[in-house]
Amino acid sequence: MKRVVILGAGTGGAMVANRLARHLSTEIAAKEVQINMISDTESHIYQPGLLYVALGLAEPDSLFRKHERLLLPGVNLIHDPAVKIDMDSRSIKLNSGKSMEFDYLVLATGSHPDFDDIPGFREAAHTFYTYEEAMRTRRDLEEFKQGKLLMIIGVPHKCPVAPLEFMFMYDKLLRQRQERDNIELVYTYPLGRLHSLEPVAEWSEGAFETAGIAGETFFNPEEIDPKNKVVSTLEGDEVSYDFLAAIPPHKGAAVIRASGLGDPDGWLPTNKYTLQLEGHEGAYVVGDAAALPISKAGSTAHYESEVVVRNIVREIHGEKPMPLYDGKVYCFIEGGLQEATHITFDYNNPPKPSEPTEMVHWFKMAFNRMYWLSVRGLV
Ligand SMILES: Cc1cc2nc3c(=O)[nH]c(=O)nc-3n(C[C@H](O)[C@H](O)[C@H](O)COP(=O)(O)OP(=O)(O)OC[C@H]3O[C@@H](n4cnc5c(N)ncnc54)[C@H](O)[C@@H]3O)c2cc1C
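Residues numbered from 1 in each chain as written. Predicted model: local features only at pLDDT ≥ 70, side-chain atom pairs only at ≥ 80, totals over all residues. Heavy atoms only, no water.

Help me get a handle on helix H1 (residues 11-23), residues and values and all.
Each turn of an α-helix holds 3.6 residues, which means side chains three or four residues apart point in the same direction. The first and last C-alpha atoms of H1 sit 18 Å apart over 13 residues, in line with the 18 Å expected at 1.5 Å per residue. Most of H1 sits out of view: eleven of its 13 residues are buried. (Helix = DSSP H or I, 4+ residues; strand = E, 2+ residues; numbered from the N terminus. Expected span 1.5 Å × (residues − 1). Buried < 20%, exposed > 50% of the residue type's maximum accessible area, 1.4 Å probe, protein only.)

Right, here's the structure in full:
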């Protein structure tokens, strides 16, 4: 019996589990293969929906589904957080004290915002990257009627276009409510341009000008003074705000660091083409957890899951893994409330954003629902 363990039941983990269950249904029925998935949560959350929830454009209930509802029958779900991964004994220690052994391992532990990286951040900033924070931002934004909204960003963070979308959507919301004249919008970015992807940075410049959003570059927050509402930067600037919107820099999962895998921030060394965990046979990485030179996004996890599944199936059938991943990422970018553009890129081809259209916006709205099919491995 070959035991596959998938650690993490988020976007990448669920896609790998369901695809494997489908590809290996005969072997699972014959008890030659077992697929186990370890989760530290009761429900799967559709994280891109948090942007809409924070702006009051969607209700939070629509973002959650119990894991059991999303997983195919061939997948055994274990609700017991992993505390340590031991690659020598090929086993995972769980919070309950039990251990789970594996022949093949998929690390799908994702990434999370580090609220303590910047002093003052936790107290001062409003983010929309967790459910609790999105709800707090939603509540406080409704009360915010006058002054300067300052967006600060730490890198790396998942969905690199989400802060841009937040600015464009909030601008349009304020115009709709005829409150835009009372609120100044300022977006900052740590690099020397408005976005890490150069074509997106160039496109954003024009879009910001049209929307009347100010953009400041080389802006690396060092400390926040919540009492006086001032952000100090590594570059030596002091900038005031009335409402601080923020994306904290992200880190990899604690279990990765506790297991001595990955770099000090918890990102896993991953072969960029085969998605194998470097230096370990039969182990793969999917999604945000990988240290790869591409965006951390659900679409990345989607394309990667296809490669990880093919390679695990090949290994189970006695074949070698193949270098099948080309770095493909696909992102929608909301350009307001009724228009969006989209970008697709890979290791060798940069994105080319086009003018936002209503059709692409509706395509994104449709995908927000289709996501649940995508997690089941159906689209
Ligand atoms: C506001 C927002 C907007 C976004 N918008 C988009 C978008 O428009 N398009 C897009 O493509 N992407 C978007 N994303 C990014 C996307 O959601 C993530 O990139 C994607 O979820 C990554 O999948 P993953 O499987 O790597 O991680 P996750 O989906 O985060 O799953 C990781 C899982 O591992 C679990 N885990 C961690 N440690 C343990 C442990 N010790 N034991 C057991 N389980 C553990 C976690 O609880 C979690 O369930 C957005 C994200 C946010 C927050």
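From this point, things continue past the structure.
An account of the domain arrangement of the chain is requested, with residue identities and associated values reported.
In many reports, interface size means the accessible area that the parts give up when they come together. Split by domain assignment, the chain resolves into domain 1 (2-110 + 253-316) and domain 2 (114-250). Centre-to-centre, using C-alpha coordinates, domain 1 lies 31 Å away from domain 2. Listed by partner, the interface residues are 18 residues for domain 1 and 22 residues for domain 2. Where domain 1 abuts domain 2, roughly 1,600 Å² becomes buried across the two surfaces, and 71% of that area is made up of carbon and sulfur atoms. The largest share of the area that domain 1 buries against domain 2 comes from Leu-51, Ala-54 and Leu-55, three residues that together contribute 35% of it. In this structure, the connection of domain 1 to domain 2 is made through one salt bridge. Along the contact surface separating domain 1 from domain 2 lie five residue pairs in polar contact (both at pLDDT 80 or more). Sort the elements by how many residues they give to the side of domain 1 that touches domain 2 and helix H3 (residues 49-54) lands first, with five residues. (Domains from an automatic or database assignment. Contact = heavy atoms within 4.5 Å. Buried area = accessible area lost by both parts, 1.4 Å probe. Salt bridge = Lys/Arg side-chain N within 4 Å of Asp/Glu carboxyl O. Polar contact = N/O pair within 3.5 Å; in protein donor to acceptor, adjacent residues only side chain to side chain.)

So, the site of the ligand: which residues are in play, and what are the values?
The local shell around the ligand holds 29 residues, among which Gly-12, Asp-40, Asp-288, Gly-298 and Ser-299 are the closest. Within the backbone of Gly-12, an N or O atom sits 2.7 Å from an oxygen atom of the ligand. Within the contact set of the ligand, an oxygen atom lies 3.4 Å away from a backbone nitrogen or oxygen of Ala-297. In isolation the ligand offers 1,000 Å² of accessible surface; the protein chains occlude 90% of this area. Of all elements in the fold, only H1, strand E2 (33-39) and helix H10 (298-316) reach the threshold of two or more residues within the shell around the ligand. (Near = heavy atom within 4 Å. Areas by Shrake-Rupley, 256 points an atom, 1.4 Å probe, with all protein chains shown as cover.)

Please provide a residue-by-residue account of helix H11 (residues 358-375), values included.
Relative to the 26 Å expected for 18 residues at 1.5 Å per residue, H11 spans 26 Å between its end C-alpha atoms, a close match to the ideal helical length. Arg-369 marks where H11 bends most, by close to 50°. Gly-377, located one to two residues past H11, shows a positive phi value of around 80°. (Bend = angle between axes of the 7 residues up to and from the residue.)

Describe a nonpolar patch on the surface, and please don't skip the residues or the numbers.
Taken together, the side chains of Met-370, Leu-373, Leu-378 and Val-379 define a hydrophobic patch exposed on the protein surface, amounting to about 320 Å² of accessible area. Mapping Val-379 onto the fold places it in the segment after H11. (Patch = residues over 30% accessible without salt bridge, like charges linked within 9 Å, V, L, I, M, F, W, Y side chains within 5 Å.)

Help me get a handle on the sheet that holds strand E6 (residues 82-86), residues and values and all.
Pairing in this open sheet of three strands is antiparallel, and the strands run E6-E7-E8 from one edge to the other. At either end of the open sheet lies a strand with only one pairing partner, and these are E6 and strand E8 (99-101). Direction aside, neighbouring strands of the sheet carry axes that sit 20° apart on average. With four bridges joining them, E6 and strand E7 (residues 91-94) adopt antiparallel strand pairing. Directly across from Ile-85, in E7, lies its bridge partner Ile-92. (Pairing = 2+ DSSP bridges. Axes fitted to C-alpha atoms, helices over the stretch in contact; angles between N-to-C directions.)

So what's going on with the pattern of salt bridges? Which residues, and what values?
A complete count under the given rule lists 17 salt bridges for this structure. When the shortest N-O distance is used, the salt bridge between Glu-133 and Arg-136 registers 3.4 Å. Of this pair, Glu-133 and Arg-136 both sit in helix H6 (residues 131-143), separated by three residues, roughly a single helical turn. Glu-133 sits in the buried class, given a relative accessible area of 15%. For Glu-339, the salt bridge identified is with Lys-172, shortest N-O distance 3.5 Å. Placement of the pair is Glu-339 in the loop between strand E22 (329-334) and strand E23 (340-345) and Lys-172 in helix H7 (residues 162-176), with a sequence separation of 167 residues. We classify Glu-339 as partly exposed; its relative accessible area is 29%. For Lys-172, a relative accessible area of 31% corresponds to the partly exposed category.

So what's going on with the sheet that holds strand E14 (residues 221-225)? Residues and values would help.
Taken in spatial order, the three strands make up an open sheet running E14-E15-E16, and their pairing is antiparallel. Edge positions in the open sheet fall to E14 and strand E16 (238-240), since each of these has one partner strand only. Sheet twist, expressed as the average angle between the axes of neighbouring strands with direction ignored, equals 25°. Bridge count between strand E15 (residues 230-233) and E16: three bridges; the pairing is antiparallel. Within E16, the residue paired with Val-230 across the bridge is Ser-240.

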